[in-house]
Amino acid sequence: MIRTLQVFDLFRHGRAEGTLRSEPKIQSAVPVTGRVVRRKWQHSLLTFLMVFGPGLIVMEADNDAGAVSTYIQAGAQYGTRLLWLMLLLLPITYFVQEMVARLGIATGKGHVAMIYERFGKWWGRFSLLDLMFVNFLTLITEFAAISLALSKLGISPYVAVPVSAAGLILLVVTGSYLRWERIVIGLCLIDLTWFALAHAVHSNWAISLHDTLVPGLPPGRVDSNLIYLIIAIVGTTIAPWQLFFQQSCVAEKRLRFADLKWARLDTLLGAAFTVAVAGAMILIGDLGFRHRIGFEDPAQLAVALGPIAGKFVRNGVLLLMVNAAVLGTTAISLASAWAYGEVMGWQHSLHKKIHEAPAFYAVYIACVAAAAAIVLVPRMPLQVVIISVQVFAGLILPSAIIFLQLLLNDHALLGDEWINRRWNNWINWTIIVVLFALSLLLAAQVMLPNLFG
Amino acid sequence: MERLQNTQAMEVFEVVHPLRDKAEKKLQTTGLGPIEMTTGVKISLMMLRVYLTLMTFMLVYHVAGLAGILGRH
């Protein structure tokens, strides 16, 4: 909350209460608990920095191991020709997540809890169980990526995976939301290294800029591979857990009504950063395209790029894969733990110590530990897991987004001030129809491949 | 805070971190009951059911195919 004070008021009366400017209410003499600044721009900047976090984290954590794989594959198969898609996805991700932030600030509750309250137990349970299931399967893919990347660096999976899991658990059990947030923001900023890697692979920036601004398809036949990849990019950029995560995170951070504009800026910057990082991944994949390198996963590509681009690129891609998986794991596990804890009526907050919210932390720890353990099972059918993620994400994303849109049009819940405007609804319904169609296409391609030749 | 020992009437701004501010009263959601079933809500939920049914059929077909029940794959 921002207050405008007169300096001598602070000393004469103590702390002023309320969003002053127009009608200051003076309280008894208590110390000022906030930061006092003298310039308008300073308080705008400081307020933004205090609100900043959930938007960046939800967006950048979406550049998880699966996303690294998808974007690098896009670059390796089609060069820079699909970069325009990232620019197109920027406003889409922003508009979806802005609704989530608005709903979280207005109600102070998580998304699943709102579905339970307004649409009943059946839809609530469906959303919760599907979310938990798809999140868990995604966690397995994150640990698989950690195992894969670190094994290329000479670290045994039997060391890498348990150590990563232990680190991820330690990250949240300290009983401090702010500590968790600051560390995770630091991990997000490590992703700036993707730009250095893109620079190191000598990308042709003029062509890249052209392909970003001018939509076009790769030369040759538009085949099922291309359609699949485009759908996968869209599905990767807008993941179902993001809706649940950001609403819970905003509630956890206790953002206030006045913080909405800063939460929107946080979300917009997060979306822009994430899309730019995804573009850098495509540029790295493009090096594989230019050298006709065949690969099955990004770790394999990174190793193959070593002799061409040097150790910095090789090790950089491998370590950033691990960072992506760690970011994805902590955000996805928290999305599950917040949602489950809230529905069950448990204490479900990172502000609580582990003994104050044992069930909440148990869900987080169980998700992380079980996914890590499954990855260590020999001959684990990872392909089945990846396909299942796509199928169940196809179930949860359209339904979660429909509920979000209906909740944001719920006058009884939000009143006139917080509901969607008409232009909001036009944009959002268009996004929803496109996402429904793409999810259906993706599911059909995965489950009925014969349809696509 | 020391800098504030200036007695001139000068405008300053106090910025409080959301987690250190007093709790804000949010919109009341409990006790509202189920959402009003307007035409828009009904159509949306119906479309969602159709979509989920279609997805379920595809999933069952796929699993049946994998299990060899349909004599394919």
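Quick notes on the rules
- Residues numbered from 1 in each chain as written.
- Chains lettered and ligands numbered in written order.
- Predicted model: local features only at pLDDT ≥ 70, side-chain atom pairs only at ≥ 80, totals over all residues.
- Helix = DSSP H or I, 4+ residues; strand = E, 2+ residues; numbered from the N terminus.
- Rg over C-alpha atoms; globule rule 2.2 N^0.38 Å.
- Buried ≥ 20, exposed ≤ 12 C-beta atoms within 10 Å, placed from the backbone.
- Contact = placed C-beta atoms within 7 Å.
- pLDDT = per-residue confidence, 0-100.
- Pairing = 2+ DSSP bridges.
- Core = buried A, V, L, I, M, F, W, Y, C linked by C-beta atoms within 7 Å.
- Nonpolar A, V, L, I, M, F, W, Y, C, P; charged D, E, K, R; others polar.
- Expected span 1.5 Å × (residues − 1).
- Axes fitted to C-alpha atoms, helices over the stretch in contact; angles between N-to-C directions.
- Left-handed = near helix turned anticlockwise from the far one by under 90°.
- Parallel < 35°, antiparallel > 145°, perpendicular 65-115°, else oblique.

Caption draft 1: Summary view of the overall build of chain A. Each helix and strand in chain A was counted, giving 19 helices and four strands. The C-alpha atoms of chain A give a radius of gyration of 23 Å, which matches the 22 Å a tight globule of 453 residues would have. A burial count over chain A gives 51% of its 453 residues as buried. Partitioning the intrachain contacts of chain A with sequence separation of at least 6 by distance along the chain shows that 80% fall at a separation of at least 24.

Caption draft 2: Examining the overall build of chain B more closely. Regarding its fold elements, chain B presents one helix and one strand. When burial is assessed residue by residue, chain B has 11% of its 73 residues classed as buried.

Caption draft 3: Summary view of the confidence of the model for chain B. On average, residues of chain B score 80 in pLDDT, and 82% of them are at 70 or above. As a predicted assembly, this complex carries a pTM of 0.88 together with an ipTM value of 0.81.

Caption draft 4: Seen up close, the pairing of strand β1 (residues 11-15) of chain B. Taken across its five residues, β1(B) has four buried, putting it largely inside the fold. Pairing of strand β4 (residues 35-37) of chain A with β1(B), which is carried by three bridges, proceeds in the antiparallel orientation. Note on β1(B): the bridge partner recorded for A:Arg35 is B:Val15.

Caption draft 5: The environment of A:Leu171, seen in detail. Residue and element names in this part refer to chain A. Its place among the elements puts Leu-171 in helix α7 (residues 157-172). Here Leu-171 falls in the buried class, since 21 other C-beta atoms lie within 10 Å of it. Between the C-alpha atoms of Leu-171 and Thr-330, which are 159 residues apart in sequence, the distance is 8.3 Å. Contact partners of Leu-171, with chain neighbours within four places excluded, come to Trp-180, Ile-183 and Thr-330.

Caption draft 6: Broad picture of the nonpolar core. Judged by nonpolar contacts, the single largest core of 148 residues is most densely connected at A:Met281, A:Ile284 and A:Met321. Top contributing element to this core by residue count: helix α6 (residues 111-152) of chain A, with 20 residues.

Caption draft 7: Up close: the interface of chain A and chain B. With 54 residues of chain A in contact, the opposing surface of chain B contributes 38 residues. Looking at the side of chain A that touches chain B, the element that brings in the most residues is helix α17 (residues 382-407) of chain A, giving seven residues. In the side of chain A that touches chain B, the residues fall into 32 nonpolar, 11 polar and 11 charged.

Caption draft 8: Local environment of helix α4 (residues 65-78) of chain A. All names here are of chain A. Over its 14 residues, α4 runs 20 Å from end to end, which matches the ideal 20 Å to within 8%, given 1.5 Å per residue. For α4, a buried count of 13 out of 14 residues is recorded, marking the element as mostly surrounded by other parts of the structure. Among the residues trailing α4, Gly-79 stands out with phi positive, at a value near 60°.

Caption draft 9: Representation of unusual backbone geometry within the structure. All names here are of chain A. Positive phi is not limited to glycine here, since Arg-254 has a value of about 55°. Looking at where Arg-254 falls in the secondary structure, it is placed in the loop between α12 (240-252) and α13 (260-290). The class for Arg-254 is buried, based on 21 C-beta atoms found within 10 Å. One non-glycine residue, Arg-292, lies in the positive phi region at around 50°. Tracing the chain through its elements places Arg-292 in the loop between α13 and α14 (298-309).

Caption draft 10: Main features of the confidence of the model for chain A. Residues with a pLDDT of 70 or more make up 92% of chain A, whose mean pLDDT is 87. Ranking the elements of chain A by mean pLDDT puts strand β2 (residues 16-17) of chain A last, at 36, and helix α3 (residues 54-60) of chain A first, at 97.

Caption draft 11: Representation of the packing of helix α8 (residues 177-190) of chain A against helix α15 (residues 311-344) of chain A within the structure. Residue and element names in this part refer to chain A. Where α8 meets α15, the closest approach of the two axes is 10 Å, and the angle between their N-to-C directions is 145°. Where α8 crosses over α15, the two elements pack in a sense that is left-handed. Contact with α8, carried on its side by Val-184, Leu-187, Cys-188 and Ile-190, involves Asn-323, Val-326, Leu-327 and Thr-330 of α15 and no other residues of that element. Across the contact of α8 with α15, the residue classes tally to six nonpolar, two polar and no charged.

Caption draft 12: Examining the environment of A:Val37 more closely. By secondary structure assignment, the location of A:Val37 is in strand β4. Ignoring sequence-local partners within four residues, the contact set of A:Val37 consists of A:Gln42, A:His43, A:Leu46, B:Val12, B:Phe13 and B:Val15.

Caption draft 13: Expanded view of the packing of α7(A) against α15(A). Residue and element names in this part refer to chain A. At their nearest, the axes of α7 and α15 sit 11 Å apart, and the two run at 50° to each other. Of the possible angle classes, the one that applies to α7 and α15 is oblique. Crossing handedness for the pair α7 and α15: right-handed. Between α7, through Ser-164, Leu-168, Leu-171 and Val-172, and α15, the contact on the second element is made entirely by Val-326, Thr-329 and Thr-330. Taken together, the residues of the contact of α7 with α15 sort by class into four nonpolar, three polar and no charged.

Caption draft 14: How the structure looks around the environment of A:Glu342. Residue and element names in this part refer to chain A. Position of Glu-342 among the secondary structure elements: in helix α15. Overall, Glu-342 belongs to the buried group, with 24 C-beta atoms counted inside 10 Å. Sequence-wise, Glu-342 and His-111 are 231 residues apart; in three dimensions their C-alpha atoms are separated by 9.7 Å. Beyond its immediate sequence surroundings of up to four residues, Glu-342 is in contact with Gly-110, Val-112, Ala-113 and His-348.

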